[in-house]
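Structural features, examined
The primary structure of each chain is shown beneath.
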Amino acid sequence: GAVVSQHPSWVICKSGTSVKIECRSLDFQATTMFWYRQFPKQSLMLMATSNEGSKATYEQGVEKDKFLINHASLTLSTLTVTSAHPEDSSFYICSARDLSGGTPDTQYFGPGTRLTVL
Amino acid sequence: GDSVTQMEGPVTLSEEAFLTINCTYTATGYPSLFWYVQYPGEGLQLLLKATKADDKGSNKGFEATYRKETTSFHLEKGSVQVSDSAVYFCALGTGNNRKLIWGLGTSLAVNP
């Protein structure tokens, strides 16, 4: 089946630094990837939709200058948390749509990245 | 706007018990409905889905039927196993499934 990887799986950084998280579709091409943030009480919040070769579409209330998204190839999207602060500590999850298969409406999820900002 | 309401957990059952996790939704148009599962330490996995009214999704002994009249998509399993312990998420797909709207998740613990 379709596999999505994320790197790193966890990261600890100092306040004020930037952190990059990678999301890769390993065995399919993904023109669209999604970035989510999972809160402690388990709800997922869609942050943005990443489109290959174009600008990301951010959800209302998500700062595009703080959460930079780049989707430079059909298998890679990156999320950079710029000038991270403790309130950015969270679990970040990416997903990708595989349009080539029989279930184009299904999203495949990466294992997530735990970010802790000190 | 579109939304998903999922029963709160945690749910604790004994092995071989019957499981129901309720999910209701509010949506315009004709959304697709999904159940995703997150096992401990792993990423979200699609468990089952239904794309139109009266469709029944099924996988690994789990079932859910898309009920338009009650706007529900309840997850059921006749006999749970310890290995079913996980967090279950109900989700609604809108806008040609460009976006998923999520429930809060229900944690299930199955004891031997």
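Note that the structure is a prediction, hence the values are computed from the model and not measured.

Moving on to the layout of surface pockets. Its boundaries defined by the atoms lining it, the largest pocket holds a volume of some 320 Å³. Gln38(A), Phe91(A), Arg114(A), Gln38(B) and Glu42(B) are the residues nearest the centre of the largest pocket, which is lined by 17 residues in total. Secondary-structure elements contributing two or more residues to the lining of the largest pocket are strand E9 (90–97) of chain A together with strand E10 (86–94) of chain B. In this structure, the second largest pocket occupies an estimated 170 Å³ of space. Considering the residues around the second largest pocket, the lining is formed by eleven residues, among which Ala2(A), Tyr108(A), Phe109(A), Leu44(B) and Gln45(B) are closest to the centre. Broken down by secondary-structure element, the contributors of at least two residues to the lining of the second largest pocket are strand E10 (107–109) of chain A together with strand E6 (44–50) of chain B. Of the residues that constitute the lining of the second largest pocket, the class distribution is eight nonpolar, three polar and no charged.

What follows concerns the packing of aromatic side chains. Overall, the coordinates contain eleven aromatic pairs over all chains when judged by the stated rule. Ring plane angle 80° and centroid distance 5.5 Å describe the contact between Phe109(A) and Trp102(B), whose orientation is recorded as edge-to-face. With one member in each of two chains, Phe109(A) in strand E10 and Trp102(B) in strand E11 (residues 99–102) form a pair that bridges those chains. Exposure class is identical for Phe109(A) and Trp102(B). Each is buried. Put simply, the rings of Tyr36(A), Phe109(A), Phe34(B), Tyr36(B), Phe89(B) and Trp102(B) pair up and form one aromatic cluster.

Right, let's get into a nonpolar patch on the surface. There is a patch of nonpolar side chains on the surface, built from Trp10(A), Ile12(A) and Leu118(A) and spanning about 380 Å² of accessible area. Summarising the element assignment, Leu118(A) is placed in the segment after strand E11 (113–117).

Listed as interface residues are 20 residues of chain A and, on the opposing side, 22 residues of chain B. Between chain A and chain B the total buried area reaches about 1600 Å² when both faces are included, carbon and sulfur atoms providing 50% of it. Counting across the interface, chain A meets chain B through zero salt bridges. If you look at where chain A meets chain B, you find two residue pairs in polar contact (both at pLDDT 80 or more). The set of elements that each furnish at least two residues to the side of chain A that touches chain B consists of strand E4 (32–38), strand E5 (44–51), E9 and E10 of chain A. Class assignment for the residues of the side of chain A that touches chain B results in eight nonpolar, eight polar and four charged.

This part takes up the sheet that holds strand E8 (residues 62–65) of chain B. Where strands meet in a sheet, backbone hydrogen bonds hold them as pairs that are either parallel or antiparallel. Residues and elements named next belong to chain B. On the basis of which strands lie adjacent, the open sheet formed by four strands has the order E3-E9-E8-E7 and antiparallel pairing. Two strands close off the open sheet at either side, each with one partner strand: strand E3 (19–21) and strand E7 (56–59). When the angles between neighbouring strand axes are averaged without regard to direction, this sheet yields 15°.

Attention now goes to the pattern of salt bridges. Residue and element names in this part refer to chain A. Under the counting rule described, the total for this entry stands at five salt bridges over all chains. Here Asp88 and Lys66 are joined by a salt bridge, their closest N and O atoms 2.9 Å apart. Linking Asp88 in the loop between strand E8 (76–81) and E9 with Lys66 in the loop between strand E6 (57–58) and strand E7 (67–73), this pair joins segments that are 22 residues apart in sequence. Residue Asp88 shares its accessibility class with Lys66, and that shared class is buried.

The rules behind each value
- Residues numbered from 1 in each chain as written.
- Chains lettered and ligands numbered in written order.
- Predicted model: local features only at pLDDT ≥ 70, side-chain atom pairs only at ≥ 80, totals over all residues.
- Heavy atoms only, no water.
- 1 Å grid on protein atoms, 1.4 Å probe; cavity = no way out; pocket = protein on both sides within 12 Å on 5 of 7 lines; lining within 4 Å.
- Points joined across faces, edges and corners; volume = space filled by probe spheres on them.
- Helix = DSSP H or I, 4+ residues; strand = E, 2+ residues; numbered from the N terminus.
- Nonpolar A, V, L, I, M, F, W, Y, C, P; charged D, E, K, R; others polar.
- Phe/Tyr/Trp six-rings, centres within 6.5 Å; stacked < 30°, edge-to-face > 60°.
- Buried < 20%, exposed > 50% of the residue type's maximum accessible area, 1.4 Å probe, protein only.
- Patch = residues over 30% accessible without salt bridge, like charges linked within 9 Å, V, L, I, M, F, W, Y side chains within 5 Å.
- Areas by Shrake-Rupley, 256 points an atom, 1.4 Å probe, with all protein chains shown as cover.
- Salt bridge = Lys/Arg side-chain N within 4 Å of Asp/Glu carboxyl O.
- Contact = heavy atoms within 4.5 Å.
- Buried area = accessible area lost by both parts, 1.4 Å probe.
- Polar contact = N/O pair within 3.5 Å; in protein donor to acceptor, adjacent residues only side chain to side chain.
- Pairing = 2+ DSSP bridges.
- Axes fitted to C-alpha atoms, helices over the stretch in contact; angles between N-to-C directions.

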